[in-house]
Amino acid sequence: MLSLHQVEHHYNGVPVLQAIDLALAAGEIMCLLGPSGCGKTTLLRVIAGLEEGSGGDVRLEGQSLAAVPAHQRGFGLMFQDYALFPHLTVAQNVAFGLRMQRLPAAQQPERIQAVLRLVGLAGFDGRDISTLSGGEKQRVALARSLAPQPRLLMLDEPLGALDALLRERLVVELRDIIRAAGLTALYVTHDRQEAFAIADRIAIMNDGRMEQLDTPEGLYMQPRTAFVARFLGLNNVLPVQALTPQGARTAAGTFAVAGAPPLVLLHPDAITLDEDGPLPGTVTERTFQGDHYRMQVQTDAGALRFRLSRAGVVPLVGQSVRLRCDRVIGLSG
Ligand code: ADP
Ligand code: MG
């Protein structure tokens, strides 16, 4: 539906986006995930037509948008600060989203009611913005961007201003609303949990480049680079000392991996306690997290992090243990 071809952007000669290729299918929710400053907002602005790319092409259904101004692209945008008008009511704010549309005035109230119902704010029409909670404001902003029935909805850190608990709940709500409306969406966040919760696929960005694009499960189980692994909280990355016929040799042992990777990831989900395991170490962290413990064990290969279920034996800090890892993945640097 939407495709980007070698999109580039520079600010004053400094490259901010480099060779970005991306394709969104109709009805898909895609996340752009990356640290602050990696170029996510700039990419949204280029797609929206608010910023002219320095190179490459943005296409909708195969047609280049180069000559189409922002207000004719039919894209909806929602930002972190919502930019709601505090002196207008909920309904007036939503109506503002319709001003660019040639929707007959007589049909506006019906459309406004429909989107307010969709976001769970039926009956809120006459409320002043200043009387709403953070989560309600967020839904008004969403209703406003949904009202014109955009072909593509772009959300830039839409939950960034809310506290963690509310974010966790609202991200699921957002996903269900976007699905119910049958929208194609591009969702920007720096929060991996948020991306996991909402995305069909996630594009991980690093310093203006696309690092890896896959389903949440695909990225988590099979990260390709050390950046992606670490960004997803998979920290057991070790250098490969030598490639031998038995596999990649590291300080933690030799592991069969494909290719000739400079680094390997010992996937934390596959690290277990095993008294016959090949990796001796000492527990240096044991943190209760509710249904599991977060563990850190110092080994000759460095500190390894993993989780242990509360149901099993959980050794104490200072105790000697042996570990094994049954999932080792080759990474590029
Ligand atoms: P993100 O949204 O991922 O945090 P941005 O797209 O906002 O990243 O910014 C990417 C880079 O571009 C940053 O280094 C930022 O400082 C720079 N940048 C953003 N906007 C401008 C601007 N208007 N002029 C110059 N540099 C900018
Ligand atoms: Mg941003």
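Since we're looking at a predicted model, the values are computed, not measured.

**Student:** Run through the environment of Tyr293, naming residues and quoting values.
**Tutor:** Turning to its location among the elements, Tyr293 is positioned in strand E18 (residues 292-299). Take Tyr293: its relative accessible area is 14%, and that puts it in the buried class. Here Tyr293 is in contact with Arg286, Thr287, Phe288, Phe306, Arg307, Leu308, Arg310 and Val314, once residues within four sequence places are set aside.

**Student:** Talk me through the sheet that holds strand E5 (residues 63-64); I want residue IDs and the actual numbers.
**Tutor:** Reading across the sheet, the four strands line up as E2-E1-E4-E5 and stay open at both edges, with antiparallel pairing between neighbours. In this open sheet, the two edge strands, each paired with only one partner strand, are strand E2 (14-24) and E5. Across the sheet, helix H1 (residues 40-48) is in contact with strand E1 (2-11), E2 and strand E4 (55-60); its angle to E1 comes to roughly 120°.

**Student:** I'd like to hear about unusual backbone geometry, residue by residue, with values.
**Tutor:** Residues other than glycine seldom take positive phi values, yet Asn12 does so here, at roughly 50°. Tracing the chain through its elements places Asn12 in the loop between E1 and E2. Here the phi dihedral of Glu157 falls at roughly 45°; this positive angle occurs in a residue that is not glycine. Within the secondary structure, Glu157 sits in the loop between strand E7 (152-156) and helix H5 (164-180).

**Student:** Lay out the layout of surface pockets with the relevant residues and their values.
**Tutor:** Estimated volume of the second largest pocket: approximately 400 Å³. Every residue lining the second largest pocket is counted, 17 residues in all, and those nearest its centre are Arg192, Tyr220, Leu232, Gly233 and Arg307. Among the elements of the structure, helix H6 (192-198), E18 and strand E19 (302-309) are those that each provide at least two residues to the lining of the second largest pocket. Grouping the constituent residues of the lining of the second largest pocket by class yields six nonpolar, six polar and five charged.

**Student:** Please provide a residue-by-residue account of the domain arrangement of the protein chain, values included.
**Tutor:** Here the domain parsing of the protein chain yields domain 1 (2-223) and domain 2 (227-331). Relative to domain 2, the C-alpha centre of domain 1 lies at a distance of 37 Å. Tallying the contact residues gives 16 residues for domain 1 and 14 residues for domain 2. At the boundary of domain 1 with domain 2, total buried surface from both sides reaches about 1,300 Å², with 70% on carbon and sulfur atoms. When the buried surface of domain 1 facing domain 2 is broken down by residue, Arg192, Tyr220 and Pro223 rank first, second and third, together holding 45% of it. Every element with two or more residues in the side of domain 1 that touches domain 2 is listed here: H6, strand E9 (201-206), strand E10 (209-214) and helix H7 (216-221). Residue composition of the side of domain 1 that touches domain 2, grouped by class: nine nonpolar, five polar and two charged.

Conventions and cut-offs
Residues numbered from 1 in each chain as written. Chains lettered and ligands numbered in written order. Predicted model: local features only at pLDDT ≥ 70, side-chain atom pairs only at ≥ 80, totals over all residues. Heavy atoms only, no water. Helix = DSSP H or I, 4+ residues; strand = E, 2+ residues; numbered from the N terminus. Buried < 20%, exposed > 50% of the residue type's maximum accessible area, 1.4 Å probe, protein only. Contact = heavy atoms within 4.5 Å. Pairing = 2+ DSSP bridges. Axes fitted to C-alpha atoms, helices over the stretch in contact; angles between N-to-C directions. 1 Å grid on protein atoms, 1.4 Å probe; cavity = no way out; pocket = protein on both sides within 12 Å on 5 of 7 lines; lining within 4 Å. Points joined across faces, edges and corners; volume = space filled by probe spheres on them. Nonpolar A, V, L, I, M, F, W, Y, C, P; charged D, E, K, R; others polar. Domains from an automatic or database assignment. Buried area = accessible area lost by both parts, 1.4 Å probe.

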